[in-house]
Amino acid sequence: MAKYENLISRFLKYVKINTRSNPNSGTIPSTPQLTEFAEGLVKDLKEIGLDNVHINKQCAYVYATLPANTDKQVKKIGFISHFDTADFNSENINPQFVENYDGKSVIKLDDAGKYTLDPAVFPNLKNYQGHTLITTDGSTLLGADDKSGVAEIMAAAEYLLAHPEIKHGEIEIGLGPDEEIGSGADHFDVKDFGADLAYTVDGGPLGQLEYETFNAADAQVEITGTNVHPAEAKNVMVNASQVAMDFHAALPAHDRPEHTEGREGFFHLYSMNGTVDSAHLSYIIRDHDRQIFEDRKKLFQGVADQLNKDYGSERVQVTIKDQYYNMREVIEKDMTVVDLAREALEELHIKPLIFPVRGGTDGSKISYLGLPTPNLFAGGENMHGRFEYVSEQTMEQATDVVIKIAELAEQQA
């Protein structure tokens, strides 16, 4: 029998439910399906036997408490995951199992073999020799980001309740929507949650411990052209699509995701459309260094200002909105939360993988709300698409880490 008997069955139950978030919604959560899923989590958390199970007043996060079973004064530790999935087909998810993977074979996702997991393309597959992998059928994402984290946190709570010999302080659980569209943590209630330090269980491969993220902004560019017949266009027409291309070309050519790594930031054009009359560009701006991040936003606006000067009118309008900031600025003031996780990993003989995240987590925003919240691995690979997969064994080890952190915090109190 598996150590965590409900870990995988609960994960499979959850991934089969479509919880794709909607960036164009004005509701909280962003879809009715997410509200329904949250209500289901309330029921499941109560069945496990947790206390104070409720949806917060912002109607976003599901909170629950595992009471302390020690007389020591232990800091309250929180574990947080999100249950929405990314902007990719999430309907009719059909998980596939690859037992005792040999670490080198090509895995067919669909019957026709159009989509495969090939170690030549995805070299991390070589790390999973002997593992049981859960994959997609090639037509959807899997949802390990971050229903693996949800299932792991719940399995850890269930295990601790069944094993009172493992002493721990009060543990807070927070499961929320809309992380993938960047708005979920806007509705996180630190006071209601009640933890002194916390972790998002939302990382990737085994051993990841992340406390440095990008600073991030969304940038929208609206361009107004002048559309006349091309036969009479000279010195009259302003082609908005051409202006859009000129705008993009004026940004540093190297500073794109496909050319950068580590702490290097970028401008990422993720959507564009246009005609002669009007055009629209959508970007994200990222950098780990706050000053360079601010400089990037100024450069971006400066391109628009120069084009407007060249055309003698306000044809290019830029709207920049900050999304989140590098959590390191908060966490490095007191590294207790990182040191505790690092010690838990080492006691479990898991090598800590600590490096800057080329993205962000809910912990980025939550840390700035006053609750230091680094990120732990949950096991998912190739997230946000049809090539997503997760190892059962890695999910079990992520659950081990949650339990070990709680245990160490009590021992050190």
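Scroll up to find the structure this text is about.
Residues numbered from 1 in each chain as written. Predicted model: local features only at pLDDT ≥ 70, side-chain atom pairs only at ≥ 80, totals over all residues. Heavy atoms only, no water.

### Some thoughts on the overall build of the chain
Rules: What counts as a helix is a DSSP run of H or I of at least four residues, what counts as a strand is a run of E of at least two, and both are numbered from the N terminus. Based on C-alpha atoms, the radius of gyration is set beside the globule rule, defined as 2.2 Å times the residue count to the power 0.38. Three labels apply to residues, based on accessible area from a 1.4 Å probe with only protein chains included: buried if under 20% of the type maximum, exposed if over 50%, partly exposed otherwise in between. Contacts are assigned to residue pairs that have any heavy atoms within 4.5 Å of one another. For the accessible areas, the method is Shrake-Rupley and the probe is 1.4 Å, while residue cover comes only from the protein chains on display. Working convention for charge: Lys and Arg count positive, Asp and Glu count negative, and His plus the chain ends are omitted. Here the site of a charge means atom NZ of a Lys, CZ of an Arg, CG of an Asp or CD of a Glu.
Helix and strand content of the chain: ten helices and 16 strands. What you see for the chain is a C-alpha radius of gyration of 23 Å, in line with the 22 Å of a compact globule of 413 residues. Each principal axis of the C-alpha atoms in the chain carries an extent, and together these give about 85 × 50 × 40 Å. For the chain, buried positions account for 51% of its 413 residues. Sequence-distant contacts in the chain: of pairs separated by 6 or more residues, those separated by 24 or more amount to 79%. Taken as a whole, the chain presents about 18,300 Å² of accessible surface, with 48% of it coming from carbon and sulfur. If the 37 positive side-chain charges of the chain are averaged to one point and the 65 negative ones to another, these points end up 2 Å apart.

### Some remarks on the sheet that holds strand E10 (residues 209-210)
So the rule is basically this: Strand pairing requires that DSSP identify at least two bridges connecting the strands. Working convention: axes come from line fits to C-alpha atoms, limited for helices to the stretch in contact. Angles between N-to-C directions cover 0 to 180 degrees.
Here we have seven strands laid out as an open sheet, ordered E1-E2-E8-E3-E9-E15-E10, and mixed in their pairing. The open sheet has two edge strands with one neighbour each: strand E1 (51-55) and E10. Both strand E3 (residues 77-82) and strand E9 (residues 197-203) contribute to a ladder of four bridges, which runs parallel. Bridge pairing in E9 links Ile-77 to Leu-197. Together, strand E2 (62-66), E3, strand E8 (171-176), E9 and strand E15 (375-377) form the strand contacts of helix H3 (residues 144-162), whose direction differs from that of E3 by roughly 145 degrees. Relative to the sheet, helix H8 (residues 336-347) contacts E3, E9, E10 and E15, its axis offset from that of E9 by approximately 55 degrees.

### A short note on the environment of Leu-369
As for its placement among the helices and strands, Leu-369 is situated in the loop between helix H9 (362-368) and E15. Look at Leu-369 and you get partly exposed, because its relative accessible area is 46%. Apart from residues no more than four positions distant in its own chain, Leu-369 is found in contact with Ala-185, Phe-188 and Val-190.

### Re the pairing of strand E12 (residues 266-274)
Residues in a regular strand point their side chains to alternate faces of the sheet. Here E12 pairs with strand E13 (residues 278-287) via eight bridges, running antiparallel. Residue pairing across strands places Met-272 opposite Leu-281, the latter belonging to E13. Counted between consecutive antiparallel strands, the loop separating E12 from E13 contains three residues.

### Structural notes on helix H2 (residues 32-48)
Rules: One fewer than the residue count of a helix, multiplied by 1.5 Å, yields its expected span.
If you check H2, its first and last C-alpha atoms are 25 Å apart, about what 17 residues at 1.5 Å a residue would give, namely 24 Å. Elements that come into contact with the buried residues of H2 comprise helix H1 (7-15), E1, E2, H3 and E8.

### Description of the nonpolar core
The cut-off we apply is this: Residues enter a nonpolar core if they are buried and are Ala, Val, Leu, Ile, Met, Phe, Trp, Tyr or Cys, with the set joined through side-chain atoms within 4.5 Å.
Grouped together as the largest cluster of nonpolar side chains are 69 residues, with contacts concentrated most on Phe-11, Phe-79, Leu-175, Tyr-199 and Ile-405. A total of ten residues in this core trace back to one element, the largest contributor, which is H3. When neighbours within four sequence positions are excluded, Ile-405 is seen to be in contact with Ile-77, Phe-79, Tyr-199, Leu-340, Ala-341, Ala-344 and Leu-376.

### Considerations on the side chain of Glu-210
This is how it is decided: Salt bridges are counted wherever a side-chain nitrogen of Lys or Arg sits within 4 Å of a carboxyl oxygen of Asp or Glu. Polar contact is defined as a pair of N or O atoms within 3.5 Å, subject to the rule that within protein one atom must be able to donate a hydrogen and the other to accept it, and that residues adjacent in sequence are counted only when both atoms are side-chain atoms.
Looking at the element boundaries, Glu-210 is found in strand E10. Summary of buried charges: Glu-210 has no salt-bridge partner, and the nearest side chain of opposite charge, Arg-358, is 11 Å away. For Glu-210, the side chain forms a polar contact with the side chain of Asn-375, separated by 2.7 Å. What Glu-210 contacts, discounting residues up to four positions off in sequence, is Gly-203, Met-327, Phe-355, Val-357, Pro-374 and Asn-375.

### A look at H1
Among the nine residues that make up H1, seven are buried, leaving the element largely enclosed by the rest of the structure. Where H1 is concerned, the buried positions are Leu-7, Ile-8, Arg-10, Phe-11, Leu-12, Tyr-14 and Val-15. Among the structural elements, H2, strand E4 (96-98), strand E7 (133-135), H3, strand E16 (389-391) and helix H10 (392-411) are those in contact with the buried residues of H1.

### Examining unusual backbone geometry
Of the consecutive residues Ile-28 and Pro-29, the connecting peptide bond is found in the cis state with omega at -10 degrees. Mapped onto the secondary structure, Pro-29 falls in the loop between H1 and H2. Here the amide bond leading from Asp-145 into Asp-146 is cis, since omega sits at 5 degrees, within 30 degrees of zero. Tracing the chain through its elements places Asp-146 in helix H3.

### Digging into the sheet that holds strand E14 (residues 316-324)
With antiparallel pairing, four strands are arranged side by side in an open sheet as E12-E13-E11-E14. The open sheet terminates on both sides in strands that have one partner only, identified here as E12 and E14. When the angles between neighbouring strand axes are averaged without regard to direction, this sheet yields 15 degrees. Its contacts with the sheet put helix H5 (residues 240-250) on strand E11 (215-224), E12, E13 and E14, and the angle it makes with E13 is roughly 15 degrees. Of the strands in this sheet, E11, E12, E13 and E14 are in contact with helix H6 (residues 290-311), which crosses E14 at around 165 degrees.

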